[in-house]
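Structural overview
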Amino acid sequence: MEVKNNRIERRIVSVSQPWVRPIKRGKASVNTEFGSKIALSTLDGYVRMEYFSFENFNEALTLQESAERYKERTGSYPERILADKIYRNKANLAFCKSKNIRMNGPALGRPPKDPQVRQQQRAAEVQEAGDRNMVEAKIGESKRKYGLDRIMERTQQATEVMICVSFVVMNSFRNLRKQLASFFDKNQVFNFYISFEVYAIAS
């Protein structure tokens, strides 16, 4: 039986917020979400928006630009990047290798034959997956405490401003907590975490 599909480009899905686009997530609970899609990175607990759009985009393409901006800010590339599996494509792995950046996850190709080496690699992967939870925790914090899943502005510009302000406030509180705890002498480990999330906007 032939199935006919009528596709309407840039159809309006929200009368009050016509700039909002449907974004496929592929989750079991929510297959499609509506709102902005943001690529985030964290460094020392501070969050930075690496890419922002109301259109769907391939987040893996933002990794190299994020690393280059990191170098512009700090003068050097990060020692390692902890990213989701979708970022681990051949282009990004080759880029990280050329810049002496260690990227989390197993190397491409067959696993090593030595069972001890495989066990060590697996243990390192589990540890790095735990370390990368920092950026996932920031996503949850931004929604739970700073209302990024309840943006209800009526213009696109105001929506963008409110999203940016939310991250500014979150980073400000992070800085305040850091200043209050400055009397503790702790070694700071600078790892670069990167992820993305769709922030639902209520219509």
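Above this text sits the structure in question.
The paragraphs below set out a description of the structure included in this document. Each chain has its residues counted from 1, following the order in which its sequence is written. Residue-level local features of this predicted model are given only where pLDDT is at least 70; pairs of side-chain atoms are given and counted only at 80 or more, and the full residue set underlies all totals for whole chains, interfaces and linings. Each side-chain value is worked out from all heavy atoms of the structure, with water and hydrogens disregarded.

With that out of the way, let us pick up the overall build of the protein. The helix and strand labels rest on DSSP assignments: H or I over at least four residues marks a helix, E over at least two residues marks a strand, and numbering proceeds from the N terminus. The secondary structure content of the protein amounts to five helices and six strands. Written out in order from the N terminus, the α and β elements of the protein read β-β-β-α-β-α-β-α-α-α-β. In this scheme, a residue with accessible area under 20% of its type's maximum is buried, one over 50% is exposed, and one in between is partly exposed, where area comes from a 1.4 Å probe on protein chains only. The burial tally for the protein puts 36% of its 203 residues in the buried class. In the protein, of all internal contacts separated by at least 6 residues, the share reaching a separation of at least 24 is 61%. Carbon and sulfur atoms make up 53% of the accessible area of the protein, which amounts to about 13000 Å² in all. In this description, contact between two residues means that some pair of their heavy atoms is separated by no more than 4.5 Å. Surface exposure here means Shrake-Rupley accessible area, sampled with a 1.4 Å probe, where a residue is shielded only by the protein chains that are shown.

Comment: axis = line fitted to C-alpha atoms, over the contacting stretch for helices; angle = value between 0 and 180 degrees taken between N-to-C directions. At a minimum axis separation of 10 Å, helix H1 (residues 63-74) and helix H2 (residues 90-98) run at an interaxial angle of 25°. The orientation of H1 relative to H2 falls into the category roughly parallel. Of H2, the residues touching H1 (which contributes Leu63, Gln64, Ala67 and Glu68) are Ala91, Asn92, Phe95 and Cys96. All amino acids are sorted into three groups, where Ala, Val, Leu, Ile, Met, Phe, Trp, Tyr, Cys and Pro are nonpolar, Asp, Glu, Lys and Arg are charged, and the leftover types, Gly among them, are polar. Among the residues making up the contact of H1 with H2, the classes are represented as five nonpolar, two polar and one charged. Any angle between 65 and 115 degrees counts as roughly perpendicular, while under 35 counts as roughly parallel, over 145 as roughly antiparallel, and the rest as oblique.

Here the focus is helix H5 (residues 156-180). Here the expected length of a helix is defined as 1.5 Å per residue gap, with one fewer gap than residues. Here H5 contains 25 residues, and its C-alpha end-to-end distance of 37 Å stays within 8% of the 36 Å for a straight helix at 1.5 Å per residue. Three or more residues of H5 are buried, namely Thr159, Ile163, Ser166, Phe167, Met170 and Asn171.

Next up on the list: the pairing of strand E2 (residues 32-43). Burial analysis of E2 places 10 of its 12 residues in the buried class, the great majority of the element. Each pair of strands is called paired provided DSSP finds at least two bridges between the two strands. In terms of strand pairing, E2 meets strand E3 (residues 46-53) through seven bridges, oriented antiparallel. Bridged to Ile38 within E3 is Phe52. The turn linking E2 back onto E3 is made up of two residues, and Asp44 within it adopts a positive phi angle of 55°.

Quick look at the side chain of Asn171 now. Along the polypeptide, Asn171 turns up in helix H5. Separated by 2.8 Å, the side chain of Asn171 and the backbone oxygen of Val47 make a polar contact. In contact with Asn171, not counting residues within four places along its chain, are Tyr46 and Val47. Whenever two N or O atoms come within 3.5 Å, that pair is a polar contact, provided that in protein one can donate a hydrogen and the other can accept it, and provided that, for residues adjacent in sequence, both atoms are side-chain atoms.

Its place among the elements puts Ser53 in strand E3. Of note is the side chain of Ser53, whose polar atom sits 2.9 Å from the backbone nitrogen of Glu55. The residues touching Ser53, leaving out its near neighbours within four places in the chain, are Ser36 and Lys37.

By the alternation rule, side chains of strand E4 (residues 80-83) split into Arg80 and Leu82 and Ile81 and Ala83, which are all buried. The sheet contact formed by E4 and strand E5 (residues 102-103) spans two bridges and is parallel. Residue pairing for E5: Ile81 is matched across the bridge by Met103. Think of it like this: strands point away, you trace from the first strand over the helix to the second, and a clockwise trace means the crossover is right-handed. The handedness of the E4 to E5 crossover, carried by H2, is right-handed.

To continue, consider a nonpolar patch on the surface. Patches draw on residues past 30% relative accessible area with no salt bridge. Two like charges within 9 Å are joined, as are two nonpolar side chains (Val, Leu, Ile, Met, Phe, Trp, Tyr) within 5 Å. Any Lys or Arg side-chain nitrogen found within 4 Å of a carboxyl oxygen on Asp or Glu counts as a salt bridge. Where nonpolar side chains cluster on the molecular surface, the patch consists of Val161, Val165, Val169, Phe173, Leu176 and Leu180 and spans about 510 Å² of accessible area. Along the chain, Val169 falls in helix H5.

This part is about the pattern of salt bridges. Under the defined criterion, the tally for this structure stands at seven salt bridges. Between Lys178 and Asp44 there is a salt bridge, and its shortest N-O distance comes to 2.6 Å. Taken together, the residues Lys178 in helix H5 and Asp44 in the loop between E2 and E3 connect sequence positions 134 residues apart. Residues participating in the shared-partner salt-bridge network are Asp44, Arg174 and Lys178.

The subject of this paragraph is the packing of aromatic side chains. Ring pairs shown here join Phe, Tyr and Trp side chains whose ring centres sit within 6.5 Å, with only the six-membered ring taken for Trp; geometry is labelled stacked below 30 degrees between planes, edge-to-face above 60, and tilted in between. Inspection of every chain in the model, using the stated rule, returns five aromatic pairs. Where Trp19 meets Phe54, the ring centres are 6.4 Å apart and the plane angle is 70°; that geometry is what we call edge-to-face. Of the two residues, Trp19 sits in the segment before strand E1 (21-24) while Phe54 sits in the loop between E3 and H1, which places them 35 residues apart along the sequence. Owing to a relative accessible area of 5%, Phe54 belongs among the buried residues under this scheme. Between Phe52 and Phe54, the ring centres sit 5.3 Å apart and the planes meet at 80°, which makes this aromatic pair edge-to-face. Assessed through its relative accessible area of 25%, Phe52 is described here as partly exposed. Here a set of aromatic residues connected by ring pairs shows up, and it is made of Trp19, Phe52 and Phe54. Placement of a charge over a ring requires the Lys NZ or Arg CZ to be within 6 Å of the ring centre, with the centre-to-atom vector within 35 degrees of the ring normal. The lysine or arginine in question, Lys37, covers the ring of Phe57, its NZ or CZ lying 4.8 Å from the ring centre. For the cation-ring pair, Arg174 lies above Tyr46, with the distance from its terminal atom to the ring centre recorded as 5.6 Å.

That's the geometry; what it means functionally is another story.
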